[in-house]
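# Understanding the architecture of this molecule
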Amino acid sequence: MSVTADIARSYLRPGEVIRRRLAEGPREDKALAILMAASALSYVAGLPALRRAAFLGEGPPFDEAAAGALLGGLVLAPLVFYALAAASHVVARALGGRGSWYGARLALFWALLAASPVILLRGLVLGLIGPGPQATLVGVLAAAAFLSIWLRGLWVAETAAAR
């Protein structure tokens, strides 16, 4: 299936998507590509808010803010996500999980990519309307989508080995 079809399916059946992707075998290149795509989309999602803040004089100039966001979003954040995936696998192991390190990474990275449409929407809301109840609502929806897809995917990744 295509990536966009899998993203849409992840909102209804994330376990099925992760199970199918795990069946392809451990592919670190694909996992890294998923993470970098999610990081790039998150970076793009933040640009409207940075532009708004620079235009209103509420922050640094746009080019400086964008450069800082690029460093944080495409260089530092992936390292944090690798550490978070490792920590989630350690916790899952302590709770009886039998999955692999790769499965934990794939579940987290896929959840980041699958939640990117809602993250992009939040970026648009922040850029066009600014902070407020609308941005908070979309942010809560983005967090709920991410957590739901991640935890259900992690469950499949950690229990798939037991089957």
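Computed from a prediction, not measured in an experiment: that's the story for all the values here. (Residues numbered from 1 in each chain as written. Predicted model: local features only at pLDDT ≥ 70, side-chain atom pairs only at ≥ 80, totals over all residues. Heavy atoms only, no water.)

### Some remarks on the overall build of the protein chain
Secondary structure summary: the protein chain contains seven helices and zero strands in total. Moving toward the C terminus, one meets the helices and strands of the protein chain in the order α-α-α-α-α-α-α. In terms of overall dimensions, the protein chain has a C-alpha envelope of 55 × 30 × 30 Å along the principal axes. By residue count, 38% of the 163 residues in the protein chain fall in the buried class. (Helix = DSSP H or I, 4+ residues; strand = E, 2+ residues; numbered from the N terminus. Buried < 20%, exposed > 50% of the residue type's maximum accessible area, 1.4 Å probe, protein only.)

### Some points on the nonpolar core
Core analysis: the largest hydrophobic core is formed by 25 residues, its most contacted members being L108, W110, F146 and W150. For this core, the element with the most residues is helix 5 (residues 101–114), which contributes 11 residues. If we ignore the near neighbours within four places in the chain, the residues touching W110 are V3, D6, I7, S10, V17, I18, R21, I34 and I149. By size, the runner-up hydrophobic cluster in this structure holds six residues, among which are V125, A135, V138 and A142. (Core = buried A, V, L, I, M, F, W, Y, C linked by side-chain atoms within 4.5 Å. Contact = heavy atoms within 4.5 Å.)

### Looking at a nonpolar patch on the surface
Residues L71, V75, L76 and L79 make up a contiguous nonpolar surface patch of roughly 380 Å² in combined accessible area. As for its placement among the helices and strands, V75 is situated in helix 4 (residues 62–94). (Patch = residues over 30% accessible without salt bridge, like charges linked within 9 Å, V, L, I, M, F, W, Y side chains within 5 Å. Areas by Shrake-Rupley, 256 points an atom, 1.4 Å probe, with all protein chains shown as cover. Salt bridge = Lys/Arg side-chain N within 4 Å of Asp/Glu carboxyl O.)

### Regarding the packing of aromatic side chains
All told, the structure shown has two aromatic pairs when counted by the stated rule. Here the aromatic rings of Y82 and F109 are separated by 5.0 Å at their centres, their planes lie at 70°, and the arrangement is edge-to-face. Highlighted residues: Y82 in helix 4 and F109 in helix 5, separated in sequence by 27 residues. The exposure class of Y82 is partly exposed, given its relative accessible area of 27%. Positioned over the ring face of F62 is R51, at 5.4 Å from the centre of the ring. (Phe/Tyr/Trp six-rings, centres within 6.5 Å; stacked < 30°, edge-to-face > 60°. Lys NZ or Arg CZ within 6 Å of the ring centre and 35° of its normal.)

### A few points about the pattern of salt bridges
Within this structure, the stated rule accounts for six salt bridges. Measuring nitrogen to oxygen at the nearest pair gives 2.6 Å for the salt bridge that ties R27 to D29. For D29, a relative accessible area of 46% corresponds to the partly exposed category. One salt-bridge network, in which partners are shared between bridges, spans D6, R20 and R21.

### Brief notes about the packing of helix 5 against helix 6 (residues 116–128)
Running from N to C, helix 5 and helix 6 cross one another at 45°; their axes reach a closest spacing of 5 Å. Our classification of the angle between helix 5 and helix 6 gives oblique. Residues L112, L113 and A114 of helix 5 form the contact with helix 6, whose participating residues are S116, P117 and I119. Per-class residue counts for the contact of helix 5 with helix 6 are five nonpolar, one polar and no charged. (Axes fitted to C-alpha atoms, helices over the stretch in contact; angles between N-to-C directions. Parallel < 35°, antiparallel > 145°, perpendicular 65-115°, else oblique. Nonpolar A, V, L, I, M, F, W, Y, C, P; charged D, E, K, R; others polar.)

### Some details on helix 3 (residues 28–55)
Residue pairs spaced three or four apart in an α-helix point in one direction, given the helix's 3.6 residues per turn. For helix 3, built from 28 residues, the straight-helix expectation of 40 Å at 1.5 Å per residue is met to within 8% by its first-to-last C-alpha distance of 41 Å. At L47, helix 3 shows its strongest bend, of approximately 30°, with the proline P48 following within four residues. Of all the positions in helix 3, only A31, I34, L35, A38, S39, Y43, A45 and A54 are classed as buried. Each element contacted by the buried residues of helix 3 is listed here: helix 2 (14–23), helix 4, helix 5 and helix 6. (Expected span 1.5 Å × (residues − 1). Bend = angle between axes of the 7 residues up to and from the residue.)

### With respect to the packing of helix 4 against helix 7 (residues 133–159)
Where helix 4 meets helix 7, the axes come as close as 11 Å, and the angle between the chain directions of the two elements is 55°. The orientation of helix 4 with respect to helix 7, classified from their angle, is oblique. Every pair of crossing elements has a handedness; the one defined by helix 4 and helix 7 is right-handed. Contact residues: L84, S88, H89 and A92 in helix 4; W150, L154 and E158 in helix 7. Within the contact of helix 4 with helix 7, the residues separate by chemical class into four nonpolar, two polar and one charged. (Left-handed = near helix turned anticlockwise from the far one by under 90°.)

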